[in-house]
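Descriptive structure summary
Next come the chains, spelled out residue by residue.
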Amino acid sequence: MKVGFIAWERFSYGGISRIISDLVNELSKDMEIDILCLKNEKSFENVYNIDTYKINFSFTELTTIQKIRREIANKILEKINISSNNFLLKIFPYIKYSNSYLNRIAKWINSKNFDIVVFASGFEDCIQLATIKNKINPNTKLIAWSHAGFTDYFRHDYKIRSNNQQNLWKYYYNRFDAIVVLSDADIISCKKYLNLNATRIYNSNSLEPKARTKLNNKSFVYIGSLSKTKGTDILIDAFIKFAEKNNDWNLNICGEGKIREYIEAQINKHNLSSRVKLYNYTTDVESVYLNNDIFILPSRFEGFGIVQIEAISCGLPIIASELAITKELISKYNYGKIFKHGDPYSLSKMMLWMANQNLATYSENGYKAAKDFKKEIIALEWKALFNKLIYQ
């Protein structure tokens, strides 16, 4: 079977690049895999070691004018309501992308004679693949892959853009042969918002730890971007409240990002430098997990949060923000607890509660659950989808 992936990635550090890299490496064991990277070849990093001997890469990038055109189109989505005008919905992809660019993608797909093509990053940009469906060999099956929680696309604080995207996707995304989402809740949202059927495939975890935490460190840990999207401001504010009532547990934060200065200021303001340690991001995440007891996922928005699966594979219980994916997984596997979305007070209360629990059961549940997310298991689910599209 020949499978093509289109990815808006330079394959540097990041969750989507890692997820795609793990999947294509696994699929390439018995499939022919090609990747069209929508970046300049000089920017290609391949930090997650895609097997370039087995997997063929091609590169194409928007010109400067085409990038400006795309940004203008994105501004139109945010500012102008086009959702009730079928003509504007129909022509919008051609405002966003030039014919020459779309034709390059169609030409690449047809030249490879693929059985399957997956648009693997940027769900809103999957529209370019839907737009050129009539230019592609009709035997080639097309898949759109979402990496965000579906409700994140339809946020009330971006009402115009949300309405526009919803109607654009209703208009175009029924051209896909399959849509892959990250949770069972997203299947429901896809049907509710777009009237489309979707398939849920979880992301895979490539971390294979050699040990488990001993749960004797009395420390919480966070690994990831320091940003409001990831909720690290919520985390530090929650720990400040937590520290007023608990003198034993500490917090380790590992990452870089825009609100690092805010976190540092909060640490200094509340004299917590001995209890909150701020580290740069490291590739040796296993050591970080093993030297802590509870992982906190404070995100305001999160498609999947592979860090929570890495953490449970090392035996850490989880405290997670109330998101579709966290509610689903914690309900299914019972490896932790949920706190109220965006609420540092709720998080601090849950930290106090968890710090006084016997964590062994949560740890064991998570450690067992992590096996369901191994890359070999997830690749089998993708293969099953491919076979269903091709042979049924």
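An account of the accompanying structure is given in this report. Everything numeric in this text was worked out from a predicted model, so none of it was measured.

**Details of the packing of helix α2 (residues 64-79) against helix α6 (residues 159-172)**
- Where α2 contacts α6, the axes come no closer than 6 Å and their chain directions differ by 110°. Taken together, the axes of α2 and α6 lie roughly perpendicular to each other. Here I76, L77, E78 and K79 of α2 lie close against α6, whose contacting residues are I160, R161, N164, Q165 and L168.
- A breakdown of the residues in the contact of α2 with α6 according to their chemical character gives four nonpolar, two polar and three charged.

**A short note on unusual backbone geometry**
- With phi around 55°, N195 is a residue other than glycine that occupies positive phi space.
- Judged by relative accessible area, which is 56%, N195 ranks as exposed.
- Positive phi values are uncommon outside glycine, yet N271 reaches one of about 55°.
- Mapped onto the fold, N271 is located in the loop between α9 (260-269) and β10 (276-279).
- The exposed category is assigned to N271, whose relative accessible area is 66%.

**Remarks on the pairing of strand β9 (residues 250-254)**
- Counting buried positions over the five residues of β9 gives four, a clear majority of the element.
- Sheet topology note: the strand β8 (residues 219-223)/β9 ladder contains five bridges and is parallel. When the bridges of β9 are listed, V221 appears paired with N252.
- Taken together, β8, helix α8 (residues 232-243) and β9 constitute a β-α-β crossover, and its handedness is right-handed.
- As paired elements, β9 and β10 share four bridges and run parallel to each other. Residue pairing for β10: C254 is matched across the bridge by Y279.
- In this region the chain leaves β9, passes through α9 and returns to the parallel neighbour β10; the handedness of that crossover is right-handed.

**Remarks on the packing of α2 against helix α3 (residues 86-96)**
- Their axes nearest at 8 Å, the elements α2 and α3 cross at an angle of 145°. Contacts from Q66, R69, R70, A73, N74, I76 and L77 of α2 reach α3 at F92, Y94, I95 and K96.
- The residue makeup of the contact of α2 with α3, split by class, is six nonpolar, two polar and three charged.

**Quick word on the packing of aromatic side chains**
- Enumeration according to the criterion identifies 27 aromatic pairs in this entry.
- Pairing F57 with F59 gives two aromatic rings, centres 5.9 Å apart and planes at 20°, and the pair type is stacked.
- Relative accessible area serves as the criterion here: at 24%, F59 is assigned to the partly exposed category.
- The interplanar angle of 40° and the centroid separation of 4.8 Å between the aromatic rings of F220 and W249 together place this pair among those described as tilted. One end of the pair, F220, is in strand β8; the other, W249, is in the loop between α8 and β9, and 29 residues separate them in sequence.
- For F220, a relative accessible area of 0% gives the class buried.
- Each member of the aromatic cluster is reached from another via a ring pair, and the members are F123, F150, Y153, W169, Y173 and F176.
- A cation over a ring is seen here: R70 above W8, with NZ or CZ 4.2 Å from the ring centre.
- Over the ring of Y202 we find R200; its NZ or CZ atom is 3.9 Å from the centre of that ring.

**Things to note about the sheet that holds strand β13 (residues 336-339)**
- The six strands lie next to each other as β10-β9-β8-β11-β12-β13, forming an open sheet whose pairing is parallel. With partners counted over all chains shown, the strands left at the sheet margins are β10 and β13, one partner each. The sheet shows a mean angle of 20° between the axes of neighbouring strands, direction not considered.
- Here β8 pairs with strand β11 (residues 294-297) via two bridges, running parallel. Counterpart to F220 in the pairing with β11 is I294.
- Contacts between helix α13 (residues 344-355) and the sheet are confined to β8, β11, β12 (318-321) and β13, with β13 contributing the most and set at about 160° to the helix.

**Thoughts on the pairing of β11**
- Side chains I294 and I296 of β11 all project onto a buried face; the interleaved residues F295 and L297 project onto the opposite face, where all are buried too.
- Two strands pair when backbone bridges link them, and β11 and β12 are joined in this way by three bridges, in the parallel orientation. Across the sheet, I296 pairs through a bridge with I319, a residue of β12.
- Taking the sense of rotation as the criterion, the β-α-β connection linking β11, helix α11 (residues 306-313) and β12 turns out right-handed.

**Describing the sheet that holds strand β2 (residues 32-37)**
- Pairing in this open sheet of seven strands is parallel, and the strands run β3-β2-β1-β4-β5-β6-β7 from one edge to the other. Edge strands, defined here as strands with exactly one partner in the open sheet, are β3 (56-59) and β7 (199-200).
- Across the sheet, helix α4 (residues 99-112) touches β1 (2-7), β2, β3 and β4 (116-119), and the angle it forms with β1 is around 160°.

**Side note on the side chain of D237**
- For D237, the location among the structural elements is in helix α8.
- For the buried D237, no salt bridge exists, and the shortest N-O distance to an oppositely charged side chain is 6.9 Å, to R300.
- A polar contact is formed between the side chain of D237 and the side chain of Q266, at a distance of 3.0 Å.
- Not counting the four nearest positions on each side in its chain, D237 is found in contact with Y262, Q266 and P344.

About the thresholds
Residues numbered from 1 in each chain as written. Predicted model: local features only at pLDDT ≥ 70, side-chain atom pairs only at ≥ 80, totals over all residues. Heavy atoms only, no water. Axes fitted to C-alpha atoms, helices over the stretch in contact; angles between N-to-C directions. Helix = DSSP H or I, 4+ residues; strand = E, 2+ residues; numbered from the N terminus. Parallel < 35°, antiparallel > 145°, perpendicular 65-115°, else oblique. Contact = heavy atoms within 4.5 Å. Nonpolar A, V, L, I, M, F, W, Y, C, P; charged D, E, K, R; others polar. Buried < 20%, exposed > 50% of the residue type's maximum accessible area, 1.4 Å probe, protein only. Pairing = 2+ DSSP bridges. Right-handed = clockwise from strand over helix to strand, strands pointing away. Phe/Tyr/Trp six-rings, centres within 6.5 Å; stacked < 30°, edge-to-face > 60°. Lys NZ or Arg CZ within 6 Å of the ring centre and 35° of its normal. Lys, Arg positive; Asp, Glu negative; His and termini not counted. Salt bridge = Lys/Arg side-chain N within 4 Å of Asp/Glu carboxyl O. Polar contact = N/O pair within 3.5 Å; in protein donor to acceptor, adjacent residues only side chain to side chain.

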